[in-house]
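Summary of structural features
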Amino acid sequence: MKNIPKIAVVGPESTGKSTMSDYLAAHYHTIAVPEFARGYCAKLTEPCTWQDEINMFHGQLALEAELLPQANKLLICDTTFITVKIWSDQMFGKAPQEVLDELPKHPYDLYLLLNIDLPWQDDPLRNFPDLREHFMNVWHKELDNLQAPYVVISGTGQDRYDSAVKAIDGFLAS
């Protein structure tokens, strides 16, 4: 397995993670690992279950492993399986033990935590327009618990992208 730095683009719903991931992949001439859960949930015909969360955890890890060999010096990840922990905690009151056990074993080199300063965009797969501040606090807590290196990315338009590039360039220079 190549020793490629992994950059995770994370944050609450409707903060531009997928758009940011695509932008960064193009900017750095590499690929972005899409959010596995988005495609998975789009196919569900019933509410998400505990087993679905476990399936999404395994799917995200498998997708990253599959795409890593195609990365060019950097792998951009549109979210991570920490999302499974956060959603499981919210929906079921706890996260699957295997997810908790694996969290510290799959670190990312840098997390870009996208701020909630963008307007909410409705989407059938988004659930909590009124809990964005809550989830922003949860993301801070989860990243702090992992002692993960992260930068909060704020702003709109090109300023937001420029802030993310500056954070990654700073990481790469260190």
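Heads up: the structure comes first, above all this text.
Per chain, residues are indexed from 1 in the order of the written sequence. Only residues with pLDDT of at least 70 are given local features in this predicted model, and only at 80 or more are side-chain atom pairs given and counted; all residues enter the totals for whole chains, interfaces and linings. The side-chain values count all of the structure's non-hydrogen atoms but skip hydrogen atoms and water molecules.

**Remarks on the overall build of the protein chain**
Filter applied, for reference: Helix and strand assignments follow DSSP, with helices taken as H or I runs no shorter than four residues and strands as E runs no shorter than two, numbered in order from the N terminus. Note on method: radius of gyration uses C-alpha positions; expected globular size equals 2.2 Å times residues raised to 0.38. The cut-offs for exposure are 20% and 50% of the maximum accessible area for each residue type, with area from a 1.4 Å probe on protein chains only; residues under the lower value are buried, those over the upper are exposed, and the others partly exposed. Note on definitions: a residue-residue contact is assigned when non-hydrogen atoms from the two residues lie within 4.5 Å. For the accessible areas, the method is Shrake-Rupley and the probe is 1.4 Å, while residue cover comes only from the protein chains on display. In this tally, Lys and Arg are treated as positive and Asp and Glu as negative; His is ignored, and so are the chain termini. Here the site of a charge means atom NZ of a Lys, CZ of an Arg, CG of an Asp or CD of a Glu.
Summing up its helical and strand segments, the protein chain has 7 helices and 5 strands in all. Reading the helices (α) and strands (β) of the protein chain from amino to carboxyl end gives β-α-β-α-α-β-α-α-β-α-β-α. On C-alpha atoms alone, the protein chain measures out to a radius of gyration of 15 Å, which is about the 16 Å that the 2.2 N^0.38 rule sets for 174 residues. In terms of overall dimensions, the protein chain has C-alpha extents of about 45 × 40 × 30 Å along its principal axes. Sorting the 174 residues of the protein chain into buried and exposed places 45% on the buried side. Of the contacts formed within the protein chain by residues at least 6 apart in sequence, a portion of 77% connects residues at least 24 apart. Here the protein chain has roughly 8900 Å² of accessible surface; of this, 53% comes from carbon and sulfur atoms. Here the protein chain holds 14 positive side-chain charges and 24 negative ones, and the gap between their average locations is 3 Å.

**Examining the pattern of salt bridges**
The condition is simple: In what follows, salt bridge is the name for a side-chain nitrogen of Lys or Arg lying within 4 Å of a carboxyl oxygen of Asp or Glu.
In the structure shown here, the tally under the stated rule is 6 salt bridges. Note that E64 is salt-bridged to K6, the shortest N-O span being 3.3 Å. On the criterion of sequence distance, the pair formed by E64 in helix 3 (residues 50-67) and K6 in strand 1 (residues 6-10) is long-range, its members being 58 residues apart. For K6, a relative accessible area of 16% puts it in the buried group. Of the charged contacts, one joins D117 and R160 as a salt bridge, the two residues approaching to 2.6 Å between their closest N and O atoms. Of the two residues, D117 sits in the loop between strand 4 (110-114) and helix 6 (132-145) while R160 sits in helix 7 (residues 157-173), which places them 43 residues apart along the sequence. Through salt bridges with shared partners, a single network forms among K85, D89, K141 and E142.

**A short note on unusual backbone geometry**
Trans is the common state for peptide bonds, and a negative phi is the common state for residues other than glycine. Located in the positive-phi region is K73, a residue other than glycine, with phi close to 70 degrees. Note that K73 resides in the loop between helix 3 and strand 3 (75-78). Take K73: its relative accessible area is 66%, and that puts it in the exposed class. Its identity as a non-glycine residue notwithstanding, Q147 has a phi of 55 degrees, on the positive side. Locating Q147 in the fold gives a position in the loop between helix 6 and strand 5 (150-153). Q147 sits in the exposed class, given a relative accessible area of 74%.

Spatial relationships are all this shows, so hold off on functional conclusions.
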